[in-house]
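# Examining the three-dimensional arrangement
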Amino acid sequence: MQSLVPDEVIQKSDKILFIAHLALGDFTYLQNCFQAFAKAFPHIKIHIWVDEVRRTSKADAWPFLKKYALYDWLAECPFVERIYQQTYSPALFEQSIAEAQQQDYPLVVSLSTLRPPMYATLARQISPRGFVAGMKKPFGMLAVHKRLAYRKLDAALDPDHGVRSGMHISQVYAGWFQQLFGMPAAGAERYPFVQIPAQWQGYAQNQLREWGFKYQEQAAGKLLFINPYAKNNKRCWPLERVVELVAALNQLDAWRGAHFIVNVVPEEMAHAQQFFAQHAAQQVRLFSAQENFFQLPAMLSECDLIVSVETAVMHLANAVHVPVVALMRQKNPEWAPIDQEHSVVITTANRRDWVKAITVAQVVDILGR
């Protein structure tokens, strides 16, 4: 099958701009595609435009958006040369467009599945003369604005084309790159990975020592990392369940002397501290990667087991090769952890159920085996 981006365009291009609205989970699997692209076409430098879908003119939101953890991860990727990460305000968005236009990109590819007509227009605005490819979803006869936007693309890809039931998201992403550039991807090449800088691995080990967790000693109890938070309330697990889980595990012989780390998103830390001060046992410590993204995978890598709701943590668990129990709704099975050998997925009973419908007893049943 001929690739959507002609071979002569690829051969003549010295750089490429990928446009995407990247969450941590997206990048966990898309980075494999970027790395494979760098190996397949070493003469092309990779630039990535991270579009902030929460872009706002409200200045009080900017500090949080500016410190998005993904930027730390991208900065350490050896196969990414340039990142556009200041798109969180309208003014900075326009400034970033002007900077990108100065690059005179010969090739721009939008991987954005939300509002693809808008991103088709953005890609062409950044590169008026280059080859532009992007996502294109079916639209009605009366959607004139979409038709006009899609005309700005030299090549279009339907993100849902060829997607089958049971297909993992990593396979979907690999399929995009195969259609765009003719790049096949074997199953092993789709597994997530993360290279943790030594300073952050040392940070995690020092933090555990400060907490008094004698986790590296032969007789030490297990170390369990629990992540109950997600951006969407439908994917969160109540803190009350975390307390119940800790209490239940303390009654099991296999978990006696265990220590528990509860992951907290930075904006919820004050509330979590107040809650656990009233409810939690001494062996519980609260954790948040407030300085740098790599604090999170470094801490995960030191644990014996991870329990997480459906968010990036469960994918990072696979990346650091620590067993994970994932708490998921039925809605997005394509986002289950890819490493089935080291992952157990507990799914809600009904499709409309939120993650909070999963009981402590269901989790204990897995952990107590």
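As a reminder, the structure under discussion sits directly above these lines.
Residues numbered from 1 in each chain as written. Predicted model: local features only at pLDDT ≥ 70, side-chain atom pairs only at ≥ 80, totals over all residues. Heavy atoms only, no water.

### Description of the overall build of the protein
The condition is simple: Helix and strand definitions here come from DSSP, where helices need a minimum of 4 consecutive H or I residues and strands a minimum of 2 consecutive E residues; each element is numbered from the N-terminal end. The quantity called the radius of gyration is restricted to C-alpha atoms. Its globule counterpart is 2.2 Å times the number of residues to the power 0.38. The rule is simple: take the accessible area with a 1.4 Å probe, protein chains only, and divide by the maximum for that residue type; under 20% is buried, over 50% is exposed, in between is partly exposed. Note on definitions: a residue-residue contact is assigned when non-hydrogen atoms from the two residues lie within 4.5 Å.
The helix and strand inventory of the protein stands at 14 helices and 12 strands. Computed over C-alpha atoms, the radius of gyration of the protein comes to 22 Å, within 12% of the 21 Å expected from 2.2 N^0.38 for 369 residues, which places it in the range of a compact globule. Dimensions of the protein along its principal axes, counting C-alpha atoms only, are 65 × 40 × 40 Å. Within the protein, buried positions represent 52% of all 369 residues. Counting contacts in the protein only where the partners sit at least 6 residues apart, residues at least 24 apart contribute 66% of the total.

### Quick notes on the sheet that holds strand β7 (residues 223–227)
We apply this condition: Whether two strands pair comes down to DSSP finding at least two bridges between them. An axis is simply a line fitted to the C-alpha atoms; with a helix, the fit covers only the stretch in contact. Between two such axes, the angle follows the N-to-C directions and lies from 0 to 180 degrees.
A sheet is described by the order of its strands in space; here 6 strands give the open sequence β9-β8-β7-β10-β11-β12, paired in parallel fashion. The open sheet has two edge strands, β9 (284–287) and β12 (343–347), and neither has a second partner. Within the sheet, the average angular offset between the axes of one strand and its neighbour, ignoring direction, is 20°. Here 4 bridges tie β7 to strand β10 (residues 305–309), and the two strands are oriented parallel to one another. Residue pairing for β10: Ile226 is matched across the bridge by Val307.

### Digging into helix α9 (residues 198–210)
An α-helix turns once every 3.6 residues. As a result, residues three or four positions apart point the same way. Threshold: One less than the number of residues in a helix, times 1.5 Å, gives the span that helix is expected to have. The arc in question is the one traced by the directions running from the helix axis out to the C-beta atoms.
With 13 residues, α9 extends 18 Å between its outermost C-alpha atoms, agreeing within 8% with the 18 Å of an ideal straight helix rising 1.5 Å per residue. For α9, the complete set of buried residues consists of Trp200, Gln201, Tyr203, Ala204, Gln207 and Leu208. Around the axis of α9, the buried residues are gathered within 155° of arc, so they sit on the same side. Facing away from the buried surface of α9 by more than 90 degrees, the exposed residues are Ala198, Gln199 and Glu210. Close packing links the buried residues of α9 with β7, β8 (259–263), β9 and α12 (295–301). Two residues or fewer after α9 comes Gly212, characterised by a positive phi angle close to 80°.

In short, the description is geometric, and any link to function would need to be established separately.
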